[in-house]
Amino acid sequence: MTDANDTLPSHRLEVPIDEAVGWRRTLHQNPELSFREYQTSDMIEDLLGQWDIPTYRLTPTSVIGVIEGTADDPKTGRVIGYRADIDALPIQEETGLEYASRNPGVMHACGHDMHTAMLLGTAKVLSGMRDKLHGKVLCIFQHAEEMLPGGARELVEKGAADDLDEVYAFHVAPHPVGHVGICRGRVSTMSGIVSISIRGRGGHSSNPQLSIDPVLIASEATIMLNTIVSRDLDPKHMNIVNVGSLHAGEAGNVIPDTANLEVSIRSVDETDWEAVCQRIEAIVNGVCQAHGAQATFDWQIPYPMVVNADLAVNRAWHAATKAVGDAKVFAADPWAPSDDFSYFSREVPGCYMFLGTGGPEVGNPYFLHNSRFKVVERAMISGMRTEIQIALDALDPSAPTPPEMPETKKTMPSAGSVAQRPRNPGLGTPQSRAGEVRTTAQDQSTSAPVSGEPTPPASGEDA
Ligand SMILES: [Zn+2]
Ligand SMILES: [Zn+2]
C-alpha cells in the first residue's frame, strides 16, 4: 500500500494512513443505515479502547471518545470537538471495488467511512500526545446524518456540545486529492423533507370513471412542483425542490387508493424557504382539488444552514496551512448539500471543512450519493494532519490568536457540475455557434458512449 507520508516534507506530522485505509475499508464493506449503526459504533469503541480513550454513548449508535490532555489540569483547559458522521445510505453499490459493500442495498456513498477512519487516526495520534494538550478533545462519532431529524440534534439535546469551546468537521468533496477547502460564513444550505400522501379512490382499471387516480395526480403534482424554483423565486437565489421518491400502486390493472411523494427542499434564505413550503402545499392541494383527491403533508424539522464562525475558520486555515502546506489549502465556495453539523456549530464556534478526495481527473466522475462514487483514500493524510494540528493549536495556551484567513486566496470551482453528461457539440457558447450548422440530437446519439458511461469533461470545460 502506498504511504504518501513518504512524499511529504519530514517535519509534517506522521499519521497512521495504512491503518486508516484498513479501517475505512472495513467500514465501507459493512455499511449501516442511519440510526442502525450498531457494528460501526462497536468497532469505533473497541479501537478507542485500545488507545485508552474513555468513551460514552448518548444514544445507542453513537460514540464519544474523550482525550484528556495531561499538560495541565484538563478541567481548566479548553475543549475542542470533532464530529465524524458514521452512517451510510440506502443505495446498491456499483463501484466494483474489491472491498465493496457486503450489505445489499446499503452503501457508504457519502464518504462517512472516510470521515470516521480519519477521526480514528486523529484520535490514535492525539492519544499519544496527551502531554502536549492543555484541555480535552472530544471525538464525536455521530449517527444518522443522512436521515432527518438527524443524529446531531439528538446529541446536542443530550449535552454533546455543552462543554465544547470549538467544533470541527470534514466532508469529502471532489476537489484535488488531499486539498483542504475552507469557507468563511455560510457553507451549506438548509434542507428539509416533506412526505406527501395523496388519497384518491382505488378501483378497476377498466372503469376509471369510478375512481380518482392518485398516480396521475401525483405525476401532475411532481411536474408542477418543479416549476417552483423556475417560476416563483428569484433566479439569483439558490433554492432546490426535488421529488426524490414517488410510490403508488402494485399492479397495472388496479387504480390504487393512494400515492406517496417525498420532496427534498434546500434553500439559503428563510423567506424563500417559507415561500417554497407554501407553494408546495398550494400546488399539491390545487391539483388534488381539481381531481377530487385529498393530500396530507408530514413536514420534518429541517437541518439549519452550516455557518462557519470566524474564530474557527481562522484557526482551521492556519492549522491546515501548517499541516498540509500552503499550496493545498484553498478558499472554498459554499455547496448545495446540507449537514446537521449545523446543530453543533450553532452552539459553539465551528468550522465545516472540505477534504478533496478527487474527481474526474483521477477517474472518479461521480458525485456523492451515486452508486459508483469513489474516493482516493490517501486524502485522509491531509484530513488527519489538519485535525491534529487544530487540536495542538487550540489546546496550547501560549499559541497566539490565529490571524484572519486571507481574503485573496485562490479558490476551487464549486463541487458537482453537470459536466459528466454527454455533451452535444453543437451546443457551445453563443460565440462558438455563430455561423455553424447545428448537430441534431439524432446525429449526436451516434457518438454517445454506448455503455451509458458519462463522458468526463475536457480540461477547463464547464457546464
Ligand atoms: Zn450524504
Ligand atoms: Zn455526507
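Residues numbered from 1 in each chain as written. Chains lettered and ligands numbered in written order. Predicted model: local features only at pLDDT ≥ 70, side-chain atom pairs only at ≥ 80, totals over all residues. Heavy atoms only, no water.

**Here's the deal with the overall build of the chain**
Selection rule: Here a helix means four or more residues in a row that DSSP labels H or I, a strand means two or more in a row labelled E, and each is numbered from the N terminus. Each residue is placed in one exposure class: buried if its accessible area under a 1.4 Å probe, protein chains only, is under 20% of its type's maximum, exposed if it is over 50%, and partly exposed if it falls in between. Whether two residues are in contact is decided by their heavy atoms, any of which lying within 4.5 Å being enough. The method behind every accessible area is Shrake-Rupley, applied with a 1.4 Å probe, and residues are considered shielded solely by the protein chains displayed.
On a plain count of helices and strands, the chain comes out with 12 helices and 16 strands. For the chain, buried positions account for 51% of its 463 residues. Here the analysis covers contacts within the chain between residues at least 6 apart in sequence; of these, 81% occur between residues at least 24 apart. Of the roughly 20,900 Å² that the chain leaves accessible, carbon and sulfur atoms contribute 50%.

**A look at the pairing of strand 12 (residues 258-267)**
The following threshold applies: The pairing criterion for strands is at least two bridges between them, as found by DSSP.
As defined by bridge partners, strand 8 (residues 190-199) adjoins strand 12 across 10 bridges and the pair is classed as antiparallel. When the sheet's bridge partners are listed, S197 is paired in strand 12 with N260. Two strands pair when backbone bridges link them, and strand 10 (residues 239-248) and strand 12 are joined in this way by nine bridges, in the antiparallel orientation. Directly across from N242, in strand 12, lies its bridge partner S264.

**Observations regarding the coordination of the zinc ion (ligand 2)**
Threshold: Because no water is among the atoms considered, metal sites can look incomplete, with donors defined as N, O and S atoms within 2.8 Å of the metal, or 3.2 Å for Na, K and Ca.
C110 (SG), H112 (NE2) and H171 (NE2) make up the full set of protein donors to the zinc ion (ligand 2), lying at 2.1 to 2.3 Å. Expressed as a motif, the donor residue spacing for the zinc ion (ligand 2) is C-x1-H-x58-H. Between the two metals, the zinc ion (ligand 2) and the zinc ion (ligand 1), the spacing is 3.2 Å, and C110 donates to both. Of this pair, H112 sits in helix 3 (residues 112-127) while H171 sits in strand 5 (residues 166-173); the two residues are 59 residues apart in sequence, bridging distant segments of the chain. Considered together, H112 and H171 belong to a single accessibility category, that of buried residues.

**Looking at the coordination of the zinc ion (ligand 1)**
Heads up, the rule is: Each label reflects the angles at the metal, where four donors whose angles all fall between 85 and 135 degrees are tetrahedral, four or six donors whose opposite pairs open beyond 155 degrees and whose other angles stay between 65 and 115 are square planar or octahedral respectively, and the rest are irregular.
Here the zinc ion (ligand 1) is held by the protein donor atoms C110 (SG), E146 (OE), E146 (OE) and H369 (NE2), which lie 2.0 to 2.7 Å from it. Considering all four donor atoms around the zinc ion (ligand 1), the spread of angles at the metal, 52 to 148°, places the coordination shape in the irregular class. Spacing between the donor residues of the zinc ion (ligand 1) along their common chain follows C-x35-E-x222-H. Assessed through its relative accessible area of 22%, E146 is described here as partly exposed. Judged by relative accessible area, which is 41%, H369 ranks as partly exposed.

**Quick look at a negative patch on the surface**
This is how it is decided: Each patch is built from residues that are more than 30% exposed by relative accessible area and take part in no salt bridge. Like charges join if they lie within 9 Å; nonpolar side chains (Val, Leu, Ile, Met, Phe, Trp, Tyr) join within 5 Å. Salt bridge, as applied in this entry: a Lys or Arg side-chain nitrogen positioned within 4 Å of an Asp or Glu carboxyl oxygen. A positive count includes Lys and Arg, and a negative count includes Asp and Glu. His and the chain ends are not counted in either. One atom stands in for each charge, and that atom is NZ of Lys, CZ of Arg, CG of Asp or CD of Glu.
Taken together, the side chains of D162, D163, D165 and E347 define an acidic patch exposed on the protein surface. Structurally, the position occupied by D163 is in the loop between helix 4 (151-157) and strand 5.

**Details of the sheet that holds strand 8**
Basically, it comes down to this: Between N-to-C directions, angles cover 0 to 180 degrees, with each direction set by a line fitted to C-alpha atoms, over the stretch in contact for helices.
Across the sheet, which stays open at both edges, the four strands sit in the order 10-12-8-13 with antiparallel pairing between neighbours. The open sheet has two free edges, formed respectively by strand 10 and strand 13 (294-299), since each of these has just one partner strand. For this sheet, the mean inter-axis angle between neighbouring strands, taken without regard to orientation, is 20°. With respect to the sheet, helix 7 (residues 270-291) is in contact with strand 8, strand 10, strand 12 and strand 13, its orientation differing from that of strand 13 by roughly 155°.

**Digging into the packing of helix 8 (residues 310-324) against helix 10 (residues 380-394)**
Filter applied, for reference: Under this scheme an angle from 65 to 115 degrees is roughly perpendicular, one under 35 degrees roughly parallel, and one over 145 degrees roughly antiparallel; angles in between are oblique. With the far helix as reference, a near helix turned anticlockwise by less than a right angle produces a left-handed crossing, and one turned clockwise produces a right-handed crossing. When residue character is reported, Ala, Val, Leu, Ile, Met, Phe, Trp, Tyr, Cys and Pro are called nonpolar, Asp, Glu, Lys and Arg charged, and the others, Gly included, polar.
The interhelical angle for the contact between helix 8 and helix 10, taken along N-to-C directions, is 120°, at an axis separation of 8 Å. Looking at the two axes, helix 8 sits oblique to helix 10. As helix 8 runs across helix 10, the sense of the crossing is right-handed. Contacts from R315, A316, A319, A320, K322, A323 and V324 in helix 8 reach S382, R385, T386, Q389, I390, D393 and A394 in helix 10. Residue composition of the contact of helix 8 with helix 10, by class: seven nonpolar, three polar and four charged.

**Remarks on unusual backbone geometry**
Excluding glycine, most residues fall at negative phi; most peptide bonds, likewise, are trans. Here the bond from L148 into P149 is cis, since omega is 5°, no more than 30 degrees from zero. Residue placement: P149 occurs in the loop between strand 4 (135-142) and helix 4. Backbone geometry places H369, a non-glycine residue, at a positive phi of 70°. Its location among the elements puts H369 in the loop between strand 16 (350-356) and helix 10.

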